[in-house]
Protein chains: 2
Amino acid sequence: MSELRGTCIFGQSGGPTAVINASAFGVIRTALDADCITRVLGAAHGIRGVLDDMLYDMSKEDPKELELLQYTPSSALGSCRYKLADPDVDDTDYRRILEIFKKYDVRYFFYNGGNDSMDTCNKISKYMLKVGYECRIMGVPKTIDNDLNGTDHCPGYPSAAKYIATSCMEVYKDAQVYDTGMVTVIEIMGRHAGWLTAAAALATAKGAGPDLIYLPELTFDMDDFLNKVERIYREKKSCFVAVSEGIHYADGTFVSEAKTSATDGFGHVQLGGLAAILANAVQQRLQAKVRGIELSLLQRCASHCASLTDINEARLAGEMAVKAAVEGTTDKMIAFQCSRAQGIYNCEMVPIPLESVANVEKKVPRDWINEAGDGLEQPFIDYALPLIQGRPDTAQEDSLPRFARLKKVRAAAK
Amino acid sequence: MSELRGTCIFGQSGGPTAVINASAFGVIRTALDADCITRVLGAAHGIRGVLDDMLYDMSKEDPKELELLQYTPSSALGSCRYKLADPDVDDTDYRRILEIFKKYDVRYFFYNGGNDSMDTCNKISKYMLKVGYECRIMGVPKTIDNDLNGTDHCPGYPSAAKYIATSCMEVYKDAQVYDTGMVTVIEIMGRHAGWLTAAAALATAKGAGPDLIYLPELTFDMDDFLNKVERIYREKKSCFVAVSEGIHYADGTFVSEAKTSATDGFGHVQLGGLAAILANAVQQRLQAKVRGIELSLLQRCASHCASLTDINEARLAGEMAVKAAVEGTTDKMIAFQCSRAQGIYNCEMVPIPLESVANVEKKVPRDWINEAGDGLEQPFIDYALPLIQGRPDTAQEDSLPRFARLKKVRAAAK
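Rules of the game
Residues numbered from 1 in each chain as written. Chains lettered and ligands numbered in written order. Predicted model: local features only at pLDDT ≥ 70, side-chain atom pairs only at ≥ 80, totals over all residues. Heavy atoms only, no water. Helix = DSSP H or I, 4+ residues; strand = E, 2+ residues; numbered from the N terminus. Rg over C-alpha atoms; globule rule 2.2 N^0.38 Å. Buried < 20%, exposed > 50% of the residue type's maximum accessible area, 1.4 Å probe, protein only. Contact = heavy atoms within 4.5 Å. Areas by Shrake-Rupley, 256 points an atom, 1.4 Å probe, with all protein chains shown as cover. Lys, Arg positive; Asp, Glu negative; His and termini not counted. Charge placed at Lys NZ, Arg CZ, Asp CG, Glu CD. Least-squares fit on C-alpha atoms with pLDDT ≥ 70 in both. Pairing = 2+ DSSP bridges. Buried area = accessible area lost by both parts, 1.4 Å probe. Salt bridge = Lys/Arg side-chain N within 4 Å of Asp/Glu carboxyl O. Polar contact = N/O pair within 3.5 Å; in protein donor to acceptor, adjacent residues only side chain to side chain. 1 Å grid on protein atoms, 1.4 Å probe; cavity = no way out; pocket = protein on both sides within 12 Å on 5 of 7 lines; lining within 4 Å. Points joined across faces, edges and corners; volume = space filled by probe spheres on them. Nonpolar A, V, L, I, M, F, W, Y, C, P; charged D, E, K, R; others polar. Expected span 1.5 Å × (residues − 1). Axes fitted to C-alpha atoms, helices over the stretch in contact; angles between N-to-C directions. Disulfide = S-S within 2.5 Å. Core = buried A, V, L, I, M, F, W, Y, C linked by side-chain atoms within 4.5 Å. Right-handed = clockwise from strand over helix to strand, strands pointing away.

S.K.: Run through the overall build of chain A, naming residues and quoting values.
M.R.: A count of helical and extended segments in chain A gives 13 helices and 13 strands. In terms of overall dimensions, chain A is globule-like: its C-alpha atoms have a radius of gyration of 22 Å, near the 22 Å expected for 414 residues. A principal-axis box enclosing the C-alpha atoms of chain A has dimensions of 70 × 50 × 40 Å. For chain A, the proportion of its 414 residues judged to be buried stands at 64%. Relative to all contacts within chain A whose residues are 6 or more apart in sequence, the contacts with residues 24 or more apart total 77%. In the form shown here, chain A has an accessible surface area of approximately 14600 Å², with 47% of it arising from carbon and sulfur atoms. For chain A, the distance from the average site of its 46 positive side-chain charges to the average site of its 55 negative ones is 4 Å.

If you want it as structure tokens, here you go:
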């Protein structure tokens, strides 16, 4: 392997998580310490910061503040949902990226994100190869949706899962309190993959969780749902339901779809309001007291309830991406290969081809969902429980979170 | 003071909190240890459990499980929103309570709740005095609303405030992430008093909180609100708003009122959906990306984010109620008298007459709200910050909450 000297750019993309900045810390710290990496630049708002030449010099940051990134939710450098065109159709953006790479002598590019971001990463990698510009390009996985192909799980998911399970346990307790009965519907993120919603089953496994859990992997039937809620409510005066925002009817229509039709930058329908729709349907049927709760943004930024395992793995994924690139690896994403034999959890990090990850969505296996399609089986619990372990000693000031404060000094050209 | 020997009954009433069970532990443990208290009974669903003769023998519980009550949210014995009639109009319930008190030789009654519960407590106390049945009756304060008169603050409020401030800081971070801009509206509980919503100002004081905070103490003006949101959004591409569920127009109509008209047992209108109403109004005005977030039940049961100060004070309030009663005090509520001189927080517990508390709502002082009526002043921060201090080492199992498991053994008659 030839040593490649030059600048590195790091960017964050897609929806933020509680631990995406732990990966940022892993990348930035390791890159700052790497001899062959001459400068470490952070891109403002992901690939947009490269296109707009909005790059920050990471060496200007206080090392202690960089460390605090591990406990700071959301994307510290800013994120984007910008989709690059097919370079064979329109290579404008790619030519601009090449121009910026040359301007700063960029030889390393690390991109932290989900499916769409790995697609971005892959396209840039292929373009640089085609034009013969030597640059090592690595993806660092991140998505609370946990739907990336080729990896056991994705950083960000465990912390969101822990927050969801914890909140479900607490809401379960709250919903039991009156003798008058109550139906509670909690809406959880996840358009096409039910991993986040499935995390509610961890609460159920602890005896304080939803009675019914509906994932987007299966078709939703409103009548069947209402019948089940009624039966459970009549039986025990309460019923607790967890639903994915992405549940849909047999024809593919989202149950929430009537509510809103706004779309995000990738053309995804913006979901929301489903808890209220289902709560209304239940109330009309049962005349019971009903609460609809939407976890909304809270579930993806709750660093105060993060999994220490997740923080550590997120940081390590960033470190590994840099180390692998320095050693000559390119066009890969750091994937997690985990074993859980005899109840002992082990996670190894291995680089896998970016194109095997890009634009594929990994779903919850059918046999991890119960036959009735309204709950999870033990294999899911065995899968998820090790991921949420450990309580981090998050930084606090006056018993409130102390987030990293970055100076974000604009980088000068080389 | 004459020693009074007999049974004690403890009940929980009104909306649950993250620490109401810490008070339960304080009462139950201290009562079990008191020589003159011969039996300790827990009422199922507050005063309803007394009326229905559904009483649990607390001596049958595992002491370790009782200790876990300190980290278990919601009302472990069940709660109610049952309003006793005026005894001069209808004394049916009171005669029944007296019958149960005689059946079990009840000489101590401890009731944990908010305004309505202190009213219940006060009415029972006055009735027992009138009929000449010797019984010491004490109120233990509890309400996330923090609106009880005569006490510096109420157990439950600090933990809810901490959760609200922490969540606001995290959502603030999340809402800053995209370069495309966003308006976020977060809806916080509190019908008539803005203490909970004011807690969002703790996040603002830390540089990561709402730009605008609207309390129910002042009149809400939709045009003025939209103008402010637009100005802030145009200026910095994002705007974060915290609103109390109870904000209302000049004529007293709740801003949320069009949405629902269901009422709870005390005749209060059930609020909700306000965040969505305001988010829609903003979206129509600005054509911006808007998120409405309702903290809902999460804010009152989030024991995973509880204040250690709150847990300790809640437990002590329970202990003090029993100790005071044993020493002869009756017809009182344990109130908190706090000093914050030179930044040193001190909290003393003193019994105050129940009738000075019942049915009075303490509001946020006008001069703690800024002149524009859209934020809080430093005196509120100085008031609230000491209350949220300390991170409890909450009990966990597999990194999820380990709640107390009570056996709830029905009590036999004496």
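Back to the write-up after that little detour.
S.K.: How would you sum up the relation of the copies chain A and chain B? Please name residues and give values.
M.R.: Taken as rigid bodies, chain A and chain B are interconverted by a rotation of 180° and an axial shift of 0.0 Å, the fit giving an RMSD of 0.0 Å. Classification of the inter-copy transformation places it as that of a two-fold axis. Using C-alpha coordinates, one finds that chain A approaches the rotation axis most closely at E294 of chain A, a distance of 3.6 Å. A share of 100% of interface residues in chain A that are also interface residues in chain B marks the association as one of identical surfaces.

S.K.: Residues and numbers for the pairing of strand β6 (residues 182-188) of chain A, please.
M.R.: All names here are of chain A. Most of β6 is tucked away, with seven of its seven residues classed as buried. Alternating residues of β6 divide into M182, T184, I186 and I188 and V183, V185 and E187, and every residue in both groups is buried. As paired strands, β6 and strand β8 (residues 238-244) are joined by seven bridges and run parallel to one another. Considered in β8, the bridge of I188 is made with S244. The pairing of β6 with strand β9 (residues 290-294) spans five bridges and is parallel. Counted as the bridge partner of V183 is V290 from β9.

S.K.: Now, about the interface of chain A and chain B: what can you tell me, with residues and values included?
M.R.: With 63 residues of chain A in contact, the opposing surface of chain B contributes 63 residues. A combined buried area of about 5300 Å² lies between chain A and chain B, and 55% of that area is made up of carbon and sulfur atoms. Along the contact surface separating chain A from chain B lie eight salt bridges. Between R391 of chain B and D393 of chain A there is a salt bridge whose closest N-O contact spans 3.2 Å. The interface formed by chain A and chain B includes 34 residue pairs in polar contact (both at pLDDT 80 or more). Counting residues per element, the side of chain A that touches chain B draws most heavily on helix α6 (residues 157-175) of chain A, at 10 residues.

S.K.: Please give an account of empty space enclosed by the protein that cites residues and values.
M.R.: Residue and element names in this part refer to chain A. Tallied over the full model, the rule gives one cavity of 30 Å³ or more. As for the largest cavity, its lining consists of Y172, A175, Q176, M182, T184, S238, C239 and F240. Elements supplying a minimum of two residues to the lining of the largest cavity: α6, β6 and β8. If you tally residues by element for the lining of the largest cavity, the top one is β8, at three residues. Classifying every residue of the lining of the largest cavity by side-chain character gives five nonpolar, three polar and no charged.

S.K.: Let's hear about the pattern of salt bridges: which residues, and what values?
M.R.: Residues and elements named next belong to chain A. Taken as a whole and judged by the stated rule, the model has 52 salt bridges over all chains. The partner of E65 in a salt bridge is R402, with the nearest N and O atoms 2.7 Å apart. A residue pair is termed long-range when its members are at least 10 positions apart, and E65 in helix α3 (residues 63-68) and R402 in the segment after β13 (400-401) qualify at 337 residues. In this structure, R234 engages E230 in a salt bridge whose closest nitrogen and oxygen atoms are separated by 3.3 Å. Of this pair, R234 and E230 both sit in helix α9 (residues 222-236), separated by four residues, roughly a single helical turn. A residue is classified by how much of its surface remains accessible, and R234, at 51% relative accessible area, is exposed.

S.K.: So, the environment of C239 of chain B: which residues are in play, and what are the values?
M.R.: Residues and elements named next belong to chain B. Counting through the fold element by element, C239 comes out in strand β8 (residues 238-244). Classification of C239 by relative accessible area gives buried; the value is 2%. With 189 residues separating them in the primary sequence, C239 and V50 have C-alpha atoms 50 Å apart. Excluding its chain neighbours within four sequence positions, the residues that come into contact with C239 are M182, V183, T184, D211, L212, V229, I232 and Y233.

S.K.: Would you mind going over helix α1 (residues 20-33) of chain A in detail, with residue names and values included?
M.R.: Residue and element names in this part refer to chain A. Between the first and last C-alpha of α1 there are 20 Å, a value that for 14 residues agrees with the 20 Å anticipated at 1.5 Å per step. Along α1, 11 of the 14 residues are buried, which leaves the element largely enclosed by surrounding structure. Within α1, burial applies to I20, N21, A22, S23, A24, F25, G26, V27, I28, T30 and A31. Elements in contact with the buried residues of α1: β1 (6-12), β2 (37-43), α3, β4 (106-113), β5 (136-141) and α12 (308-326).

S.K.: Mind laying out the sheet that holds strand β9 (residues 290-294) of chain B, listing which residues take part and the relevant values?
M.R.: Residues and elements named next belong to chain B. Reading across from one edge, β7-β8-β6-β9 is the order of the four strands in this open sheet, with parallel pairing throughout. Looking at which strands have only one partner, the edges of the open sheet turn out to be β7 (212-214) and β9. On average, each strand axis in the sheet is tilted by 15° relative to the strand beside it, whichever way the strands run. Each of β6 (182-188), β7 and β8 is contacted by helix α9 (residues 222-236), which is oriented at about 150° to β8, the strand it contacts most. In the packing of helix α10 (residues 274-286) onto the sheet, contacts are made with β6, β8 and β9, and the angle to β9 comes to roughly 170°.

S.K.: Please give an account of the state of the cysteines that cites residues and values.
M.R.: Joining two cysteines, a disulfide is a covalent bond between their sulfur atoms. Under the criterion given, the structure shown has zero disulfides over all chains. No disulfide involves C168 of chain A; its nearest neighbouring cysteine sulfur is the one of C301 of chain B, lying 10 Å away. Judged by relative accessible area, which is 0%, C168 of chain A ranks as buried. C338 of chain B provides the cysteine sulfur closest to C154 of chain B, a residue in no disulfide bond, and the two sulfurs are 11 Å apart. Residue C154 of chain B is classed as buried on the basis of its relative accessible area of 0%.

S.K.: So what's going on with the nonpolar core? Residues and values would help.
M.R.: Membership of the largest hydrophobic core comes to 100 residues, with the highest contact counts inside it found for Y157, L376 and F380 of chain A together with Y157, L376 and F380 of chain B. With near-sequence residues (within four places) excluded, F380 of chain A lies in contact with Y157, W195, A198, A199, A201 and W368 of chain A.

S.K.: Pulling in residues and values, what's your account of the pairing of strand β4 (residues 106-113) of chain B?
M.R.: Residues and elements named next belong to chain B. Taken across its eight residues, β4 has eight buried, putting it largely inside the fold. Where strand β1 (residues 6-12) lies against β4, six bridges are found, and the strand directions are parallel. Among the inter-strand pairings, T7 is bridged to a residue of β4, identified as V106. Bridge count between β4 and strand β5 (residues 136-141): six bridges; the pairing is parallel. Following the sheet pairing, Y108 is matched in β5 by R136. As a crossover connection, the stretch from β4 through helix α5 (residues 115-131) into β5 is right-handed.

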